[in-house]
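Analysis of the macromolecular model
Listed below are the residues making up each chain.
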Amino acid sequence: MGTGAIIFYSIATIMVVFSFLAVVSQRVLRAAVYLLFALAGAAAVYFMVGYFFLAAVQLIVYAGGIVVLIIFSILLTSHIGEKMQKPDGWKVILTSVVGLGGAALSVFVITNHAFMPQHQKGIEASMATIGEKMLGYGAGGYVLPFEVISILLLAAMVGAIAVAKRNKTNDNG
Amino acid sequence: MDFSYTIWIAILPFLAFAINGLGSEKLPQKTSGWIATVAIGISAFLSYKTAIQYFSSPSRGGIIAFKTTWLRFNGTLHIDLGILLDPISVMMLVVITTVSLMVFVYSMGYMKNERGYDRYFSFLSLFSFSMLGLVVATNLFQMYMFWELVGISSYLLIGFYYDKPSAVAASKKAFIVTRFADLGFLIGILLVSSLTGTFDFGVLTRPEGLGFASAAPFLGLSTITWALLLIFMGGAGKSAMFPLHIWLPDAMEGPTPVSALIHAATMVVAGVFLVARLFPLYTAYAPGALEVVAFVGAFTTLFAAVIACTQYDIKRILAFSTISQIGYMILALGVSGHGGEAGLGYMASLFHLFTHAFFKALLFLGAGAIIHAVHTNDIREMGNLRKHQPITHVLFLIACLAISGIPPFAGFFSKDEVLSATAASHPVYFAIAMGAAALTAFYMFRLYFIVFWGEERAYPNAPKEAPFIMLGPMMVLAVGSAFAGFIPFGHFISSDGVPLATHIHWPVAITSMAMALVGTATAWRFYKSQSGSSEKAAKALGSFHTSAANKFYIDEAYIIITKGVIFKMVSKPLAWIDRNVIDTFMDLLAAITHWASRQVREFQSGQLQKYAFIFIAGVIIIVLSFIYAAR
Amino acid sequence: MVEQVPLHHALIATTLMFFIGVYGFLTRKNLITMLISIEIMLNAVNLNFVFFNIYLFPGTLEGHFFSLFIIAIAAAEAAVAIAIFISLYRNIRSIDVEDANTMKH
């Protein structure tokens, strides 16, 4: 077993454990922090496979932006000190059944599938390549999704402001 | 000969009914009476014209004046409406329209200030229309339809004073009893028509041409006998024969002119008319049924006459008298044969129907005049009325003499024919008929003496003579009661169309006169001379007298059978089943639907996680099915 | 890493993470913890894309870009979701998912 494998397995274990803790934790803020660690683990995996740009974006946007946003909203809406309610027994059972069933199915499919790797020359994910591909309009170019994403982000910004705005008439607020 | 105008005889009263029923609010007061009377008057005139025209020709066959197919189901099954003129229907047209006209004119005086005047005349016109349609029916089904119409008119008129609970109960009783009898009638009609393939009277009254002897017998009697017995059951109900007579005394709750028209002269003789109409079938194929007919008639005659001797309500005495006289008619039909002298009973029965219409209507109208003056029906509260109402007295006396069979009044002649017919048949029937004749004279003169003689009562207002509008019709009817016996009836009507000479059978006639005089004398002794013999006789008869006074407890027996047996044993369990089993089943269906829809409703619970759960579970299942179904 | 760790091991890890996210989404009552579960799911999917890219298609960058765009979209979606939670909190004073059930029968 090479060092790469050891590192990968430990990072994978960390990710799984922390995501599990995030979904069963009884305190909201702790769940958010566990999420942060899980996302950091994912960033570590990206670093490992050489996708540095992606890892950076993961840390900045996901871990930095989204988790911070979540923490803000927790502070705005919840009673932080309180323990949250545990879910009903039957809900846990049903969901566990579905979850485990789905997981088993997927694992089964994955292990029995013969993946056929394409033997191509590996490509270096350097900034120059990423930039060319991102703004390229030939084969393998992503300029269209890039433009569409920018419109989406604009719409999301506007939407978020419109939804969260306090109304002039102020019904319940 | 053109008889097409005869359609107006029935249509005119119907138009009067429609106009009075629908337009009485818009017309000025009291015109409804005139409209109805004029309509029936024109019908009467047309009936006389028809009679003259019909009987002046020597043939006595049936003439179809009008015919139309009302409902056609297939080539052979159809229901027609039409007008059939033959001796008995023309005779009935004359009787019905004449008595109706008298009753209508009388009613204009009797009902003068009553509430519901317009309603009264419209119902009365409806009745006239129904009865006229019944007698001219060309086929059994048309007769049945008008039979039921007559039943409805009777119901409406008996219950005319609808705020009186006793009147409402009486109208229901009449309708239910006759409707029950009509069930037998309907089954009989269906049997006859399925055996012979037709409803038409023209075919049914020529039974030589019908071939149905091959029908399998049931319980020892042939099917045709059963059918004719059931038809007779319908007739017995309408004509108030024992044991279906219970409705007629109660029907006296209606206004008195109604009792005169419907329950004396016309509707109650519909049963007699029915048997007479189907008489060729009875004589040719079901002589056993005729024996039953005769027995029922005989029993009823005596039974009703005995009860009439003990009653104190003037209208009830007359009601039981009607039942008894119709018993005579039925008895005469029952003992009759077909053709020639054997058919004497048939002719006698219809002759008695004819004369009875006159004197019974006169008796009822007279009773109405008395009640109108004295304001009570109970004869114990009346007395010495001949001083107060002389004309009514004379007319009533004429009617009493007629019904008792004292010559030269009409009843003598017709009763003589009836008695001769029974003498020719069976001595027991003859004895019963004689006994009933004696009793008739007795109870009629008992009524006469108590009301018109005897000591003066304390009347609240002094009874006045009836107004001319009421006396006029009574006088016309008195003329009929007096002289109708001289008509050579057999010349017009006989069982086979061949004129039958009507003559007085002297042995029978003398015996009947003797009986009538005995009855009258007994009544004189008991009631005119105030000797107290009536109370002694009543005590001597003891319990027989009390049961007769209680109408032999027949009504109570009916109550026991219906309430005690049928309601308790049959209706209650059925009602329990209906409420608990059937309704519960229905409720269960509804509850299941309710529960199921509740469950389906939960699909839209508004809970996000439930939706997501189903989503994910569904995806997993679909993937599974794709992977493994593809194998 | 490609030579040392078999693909299906990596995929099993991401699968577990995904179904943990599913479990959390269906079980949790607090809306924000539900959002956290969604982020976990998205993260697992991202990892999946990257693994497929480096194991099966080393000559292209498709998976890389997919993940990039998914991160952008997830950010937009989280922002709008938080805005909705805040607006909901203002109206019904609770961020319990079972209290937001007026769109029902």
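Only a predicted model underlies this, so the values are computations on that prediction, with no experimental measurement involved.

Definitions and limits used
Residues numbered from 1 in each chain as written. Chains lettered and ligands numbered in written order. Predicted model: local features only at pLDDT ≥ 70, side-chain atom pairs only at ≥ 80, totals over all residues. Helix = DSSP H or I, 4+ residues; strand = E, 2+ residues; numbered from the N terminus. Contact = placed C-beta atoms within 7 Å. Rg over C-alpha atoms; globule rule 2.2 N^0.38 Å. Buried ≥ 20, exposed ≤ 12 C-beta atoms within 10 Å, placed from the backbone. Nonpolar A, V, L, I, M, F, W, Y, C, P; charged D, E, K, R; others polar. Expected span 1.5 Å × (residues − 1). Pairing = 2+ DSSP bridges. Core = buried A, V, L, I, M, F, W, Y, C linked by C-beta atoms within 7 Å. pLDDT = per-residue confidence, 0-100.

The secondary structure content of chain B amounts to 25 helices and two strands. C-alpha extents for chain B along the principal axes are approximately 115 × 65 × 55 Å. Relative to all contacts within chain B whose residues are 6 or more apart in sequence, the contacts with residues 24 or more apart total 80%.

Helix and strand content of chain C: three helices and zero strands. For chain C, the succession of helices and strands along the chain, N to C, is α-α-α. Taken over the C-alpha trace, chain C has a radius of gyration of 17 Å; the compact-globule value for 105 residues is 13 Å, which it surpasses by more than 25%. For the C-alpha atoms alone, the extent of chain C along its principal axes is close to 55 × 25 × 25 Å.

Moving on to the environment of A:Phe47. All names here are of chain A. Summarising the element assignment, Phe-47 is placed in helix 2 (residues 28–49). C-beta crowding within 10 Å serves as the criterion here: with 16 such atoms nearby, Phe-47 is assigned to the partly exposed category. Between the C-alpha atoms of Phe-47 and Lys-121, which are 74 residues apart in sequence, the distance is 20 Å.

Time to look at the interface of chain C and chain A. Between chain C and chain A, the residue contacts involve 65 residues of the former and 74 residues of the latter. The element best represented in the side of chain C that touches chain A is helix 3 (residues 62–92) of chain C, accounting for 23 residues. Residue composition of the side of chain C that touches chain A, by class: 44 nonpolar, 17 polar and four charged.

For the rest of this paragraph, the subject is helix 5 (residues 140–158) of chain B. If you check helix 5 of chain B, its first and last C-alpha atoms are 26 Å apart, about what 19 residues at 1.5 Å a residue would give, namely 27 Å. Counting buried positions over the 19 residues of helix 5 of chain B gives 15, a clear majority of the element.

Another point: the interface of chain C and chain B. The partner chain B presents 10 residues to the 10 residues of chain C that form the contact. Class assignment for the residues of the side of chain C that touches chain B results in five nonpolar, three polar and two charged.

Moving on, we come to the pairing of strand 2 (residues 78–85) of chain B. All names here are of chain B. Bridge count between strand 1 (residues 63–72) and strand 2: eight bridges; the pairing is antiparallel. Each bridged residue has a counterpart across the sheet, and for Arg-72 the counterpart in strand 2 is His-78. Linking strand 1 back to strand 2 in an antiparallel pair, the connection comprises five residues.

A few words now on the nonpolar core. Formed by 211 residues in total, the largest nonpolar core has its most connected members in B:Leu228, B:Ala361 and B:Leu362. Among the elements that take part in this core, helix 15 (residues 344–374) of chain B stands out by supplying 21 residues, more than any other. Once residues within four sequence positions are removed from consideration, B:Leu362 is found in contact with B:Leu395, B:Ala399, B:Met474, B:Leu477, B:Ala478 and B:Ser481. If you look at the next biggest cluster of nonpolar residues, it comprises 69 residues, including A:Met15, A:Ile70, C:Ala78 and C:Ala79.

Moving on to the confidence of the model for chain B. Overall, the predicted model of chain B reaches an average pLDDT of 86, with 97% of residues at or above 70. Put simply, helix 22 (residues 533–541) of chain B is where chain B has its lowest mean pLDDT, 73, and helix 5 of chain B is where it has its highest, 93.

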